[in-house]
Amino acid sequence: MSSAVEQRRGGYLDRPSSSSLADVVELILDKGLVIDAYIRVSIVGIEILTIDARIVIASVDTYLRFAEATNRLDLYEHGGKDLGELTESLSEGGAEGKTSGVIEGAKHKVDELMHGDDEDDEDDEDDEDDEDNEEEDEEEDEEPGDDEDDEEEEEEDERPSRSRRNRARQSSARRRSRGGDDE
Amino acid sequence: MTTSVDRMSYVFGVVAAGTRLPEIDEAGPAAALRLVEAAGLAAVVGTPPAHRSLGRAADLLTHDRVVAALVEAGTPVLPMRFGAVLQSDAAVIEDVLTARHDELRAGLARVAGRVQFTLTVRYEQQVVLRGLLAARPDIARLRGSQDAENFDQRLRLGELVVQALDEMRPADAQAVLADLPDTADLLLHKTTAPDAVLHAAVLVERQAAAAFERGVELVARRHHPRLQLRLAGPSAPYDFVGAG
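Since the structure is predicted, the reported quantities are computational estimates derived from the model, not experimental observations.

Calculation notes
- Residues numbered from 1 in each chain as written.
- Chains lettered and ligands numbered in written order.
- Predicted model: local features only at pLDDT ≥ 70, side-chain atom pairs only at ≥ 80, totals over all residues.
- Helix = DSSP H or I, 4+ residues; strand = E, 2+ residues; numbered from the N terminus.
- Buried ≥ 20, exposed ≤ 12 C-beta atoms within 10 Å, placed from the backbone.
- Pairing = 2+ DSSP bridges.

## Some remarks on unusual backbone geometry
Residue and element names in this part refer to chain B.
And step 1. Here the bond from His224 into Pro225 is cis, since omega is 0°, no more than 30 degrees from zero.
And step 2. As for its position among the elements, Pro225 is in the loop between helix H7 (209–222) and strand S9 (227–235).
And step 3. The omega torsion of the bond from Gly233 to Pro234 falls at 5°, within 30 degrees of zero and hence cis.
And step 4. Looking at where Pro234 falls in the secondary structure, it is placed in strand S9.
And step 5. Here Ala32, not a glycine, exhibits a phi torsion of approximately 50°, which is positive.
And step 6. By the secondary structure assignment, Ala32 is in strand S2 (residues 31–38).
And step 7. We classify Ala32 as exposed; it has 12 C-beta atoms within 10 Å.

## Here we look at the environment of Leu60 of chain B
Residue and element names in this part refer to chain B.
And step 1. With respect to the helices, strands and loops of the structure, Leu60 is situated in helix H1 (residues 57–72).
And step 2. In this structure Leu60 comes out as buried when scored by C-beta crowding, with 25 C-beta atoms within 10 Å.
And step 3. As for Leu60 and Pro29, which are separated by 31 residues in sequence, their C-alpha atoms are 9.3 Å apart.

## Points about the pairing of S9 of chain B
And step 1. Burial analysis of S9 of chain B places 8 of its 9 residues in the buried class, the great majority of the element.
And step 2. With 2 bridges joining them, strand S2 (residues 13–16) of chain A and S9 of chain B adopt parallel strand pairing. For Asp14 of chain A, the partnering residue across the bridge sits in S9 of chain B and is Arg230 of chain B.
And step 3. Sheet topology note: the strand S6 (residues 114–123) of chain B/S9 of chain B ladder contains 7 bridges and is antiparallel. Pairing of Arg122 of chain B across the sheet is with Gln228 of chain B, part of S9 of chain B.

Right under this line is the structure:
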């Protein structure tokens, strides 16, 4: 995020010179004076999209920071084993594993948010067929035999939005890969 | 001229009556930006697009832009949570400005002349990870012997690192808090990422804003290079308008 950062004075303090989307999400989403639901006009999309925005931005932000750290790291001299794996473990091993679990879907969702397609559900539908393959590619270390969980997950997930359901599927896939640690 | 259904009211925030509206690009919910006044209070109101839902990133940025423009002009403002849409300007007067008059007046008085800064503190990964590898042979050993094929070992390594960060976080957060120049009105948010140390909102007198910034710069220097401090603001008092 250093592109949006202006180094002033001593230069030890990051001072964002303009508000990036991530800054705005962190600063204002879910904050401010609340109007009671019964007087408010319910605008379809606000609640779901803002929740998605927070999760997506958070994970993209994390993703980019860890990628950046990996790229500039000069510590790791062993061929091939670099911080990429460490940070991957780091981001997956934390309590916020479910946040990092949506990274695969994040680019997709960011596009959706930036372009604001209300019709995006259809895209998600198309993607669903490919999803299992993607998961296999990404989780080459995963033990076989975890597919038995899938049906159960489908049933657990009675959330209204398909994109949220996809996200849940992805994060539960990630949870499985972390050794069935339920949460 | 139009029915209330056609022209709904998106509320950006509440200010004192007679406030001057900021000059702003009237995009998204900021269309037909206007002041809806009642009983000495005023709501800054726009007309949300009728043909689509709100909730795009651009709408969120517009919300922030309008509120930020008010703050920049020195106007005390109580920012609304994103997505406050009412049926009509009449509903804004009745259900917000009138119904919550006393609460809003008190809220405005509380934030008058003050701005919010938001401080986030993270561990500088390189420095902290390096320190961990030096101080913790068990972690260093796992990393040194780490086998890309062995998922369990990678998981264990990550787990140890995250646990180590969890252990050092409280003391580091406390050290930063103790150094902050102005903590009279401070609100702590829960942090979630493993390398996040602190997330705090501080309400600061507008005249003291520059001094506060310099103070935080000193804190950043003191904790360099282990901790990375990031200061956003001055902004509207988003964290200080709730019931708290």
